[in-house]
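Secondary and tertiary structure notes
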Amino acid sequence: MLLGNFLIGLREGLEAALVVSILIAYLVKTGNRRALLPVWTGIAIAIALSVGFGIALSAASSEMQFKTQELFGGVLSIVAVGLVTWMVFWMRKAARFMKAELEGKLQGALDVGPVALSVVAFLAVGREGLETALFLWTNISNSSEGSTQPITGALLGLAVAVALGYLLYRGGLKINLKRFFTWTGAALIVVAAGVFGYGFHDLQEAEVFPGLRSVALEPHLFFAKFGTPGDWMQTIFQGVLNVTPQITWLQLVMWALYLVPVMALFLRSSSPSKPRPAPANQPATS
């Protein structure tokens, strides 16, 4: 779980850091430093809302009975996977236009006033924050290792993302963002597939779907041949793929039904498009 949540924190955190750096750089470049305070205020409110959202989810689920808790977790896991999948595809498509779009909204907000500046910053960062909080909550709630390792991984990923965002803003770091978002997007799809399958496992425990006793795989038995149950191979396997000690047939089928088509579509759309051949010269007609 530590590695998977580190990846989520890094990817989502860097997206938010890029948004913040674009907003701040534009205000500094245009000589509107007085507008930094309302922008930072909007960013702070967005971060506080995201943290509060995660805490509210944990508090709400802790008060539920077992079946209701599993139903709640299963539905939110599937919703989180849908949001993250949309984000992965949207980010790759919209990244090239994000800077111009944000600067245009910020310029319009400058003409309106400080409240509008705070709203622009809040909306730009809040969307990323809420998606991150929901996806991290589903990963942490599904963890069999307690909450310490997943939270640590997420915080480390966010810390690295903030550091990278600062270096990008200061011009001290040059990275190929298209390649970065392609590789991390593919890795996130793998993580999301595990969450998607686990969501259906939760729904089986809530007795929404049958087949909880119909076991397809038992990974812990396989890894027991190579070491103890806490061996590093099993830790990485379970932490990244989000697998359970016993994988039901429904869980396995839903994992494959998500991973195979989504990954194929993502890799296909990520491959460079071939240039169209120039049209042949047409003979003149009399």
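Residues numbered from 1 in each chain as written. Predicted model: local features only at pLDDT ≥ 70, side-chain atom pairs only at ≥ 80, totals over all residues. Heavy atoms only, no water.

**With respect to the side chain of Ser118**
Cut-off, in case you're wondering: Only DSSP runs of H or I covering at least 4 residues are called helices, and only runs of E covering at least 2 are called strands; the numbering of each starts at the N terminus. Residue burial is assigned from relative accessible area. The probe radius is 1.4 Å, only protein chains are included, and a residue is buried under 20% of its type maximum, exposed over 50%, and partly exposed in between. By definition, residues are in contact when any of their heavy atoms lie within 4.5 Å.
On the secondary structure map, Ser118 appears in helix α4 (residues 114-141). We classify Ser118 as buried; its relative accessible area is 16%. Setting aside residues no more than four positions away along its own chain, Ser118 makes contact with Pro38, Thr41 and Gly42.

**Focus: unusual backbone geometry**
Even without being glycine, Glu207 reaches a positive phi, approximately 65 degrees. In this fold, Glu207 is placed in the loop between α6 (177-205) and β1 (215-217). On the basis of relative accessibility, which here comes to 56%, the residue Glu207 falls in the exposed class.

**Considerations on helix α5 (residues 148-170)**
Heads up, the rule is: To estimate how far a helix should reach, multiply one less than its number of residues by 1.5 Å.
The end-to-end C-alpha separation of α5 is 33 Å, in line with the 33 Å expected for 23 residues at 1.5 Å each. Within α5 the residues assigned to the buried category are Pro150, Gly153, Ala154, Gly157, Ala161 and Gly165. Immediately beyond the C-terminal end of α5, within one or two residues, lies Gly171, with a positive phi of roughly 80 degrees.

**So, the packing of α4 against α6**
When two helices pack together, their arrangement is given by the angle between the helix axes and by the axis-to-axis distance. This is how the line gets drawn: The convention used is that axes are lines fitted to C-alpha atoms, helices contributing only their stretch in contact, and that angles between N-to-C directions extend from 0 to 180 degrees. In these notes the angle categories are as follows: under 35 degrees is roughly parallel, over 145 is roughly antiparallel, 65 to 115 is roughly perpendicular, and the rest is oblique. Note: crossing handedness is left-handed where the near helix turns anticlockwise from the far helix by less than a right angle, and right-handed where it turns clockwise. Residue classes follow a fixed rule: Ala, Val, Leu, Ile, Met, Phe, Trp, Tyr, Cys and Pro count as nonpolar, while Asp, Glu, Lys and Arg count as charged, and any other residue, Gly among them, counts as polar.
With their axes 11 Å apart at the nearest point, α4 and α6 run at an angle of 55 degrees to one another. Between α4 and α6, the crossing angle belongs to the class labelled oblique. Along this stretch, α4 crosses α6, giving a crossing that reads as left-handed. On the side of α4, the interface is formed by Phe135, Thr138 and Asn139, while α6 contributes Leu188, Val191, Ala192 and Val195. Its residues assigned to classes, the contact of α4 with α6 comprises five nonpolar, two polar and no charged.

**Remarks on the confidence of the model for the protein**
Test applied: pLDDT is a residue-level measure of predictor confidence that goes from 0 to 100.
Residues at a pLDDT of 70 or more form 79% of the protein, whose mean pLDDT is 80. The weakest mean pLDDT in the protein belongs to helix α8 (residues 232-241) at 57; the strongest belongs to helix α9 (residues 249-270) at 90.

**Things to note about the pattern of salt bridges**
Two side chains with opposite charge may pair up if their charged atoms get near one another. Note the following rule: Only one rule defines a salt bridge in this text: a Lys or Arg side-chain nitrogen within 4 Å of an Asp or Glu carboxyl oxygen.
The tally for this structure, following the rule as stated, stands at three salt bridges. Between Glu15 and Arg11 there is a salt bridge, with the nearest N and O atoms lying 2.9 Å from each other. Here Glu15 pairs with Arg11, and both are found in helix α1 (residues 2-29), just four residues apart, close to one helical turn. One exposure class covers both Glu15 and Arg11, and it is buried.

**Quick notes on the packing of helix α2 (residues 36-62) against α4**
Where α2 contacts α4, the axes come no closer than 7 Å and their chain directions differ by 30 degrees. What the angle tells us is that α2 and α4 run roughly parallel. Crossing geometry of α2 relative to α4 is assigned as right-handed.

**Comments concerning a nonpolar patch on the surface**
What counts is decided by this rule: Patch rule: a residue counts if its relative accessible area is over 30% and it has no salt bridge; like charges are joined within 9 Å, and nonpolar side chains (Val, Leu, Ile, Met, Phe, Trp, Tyr) within 5 Å. Each accessible area is a Shrake-Rupley estimate made with a 1.4 Å probe; only the visible protein chains count as cover when residues are assessed.
On the surface, Leu71, Val75, Val79, Leu83, Val208 and Phe209 cluster together to form a nonpolar patch covering roughly 440 Å² of accessible area. With respect to the helices and strands, Val79 occurs in helix α3 (residues 66-112). Taking the relative accessible area as the measure of exposure, Val79 reaches 40% and is therefore partly exposed.

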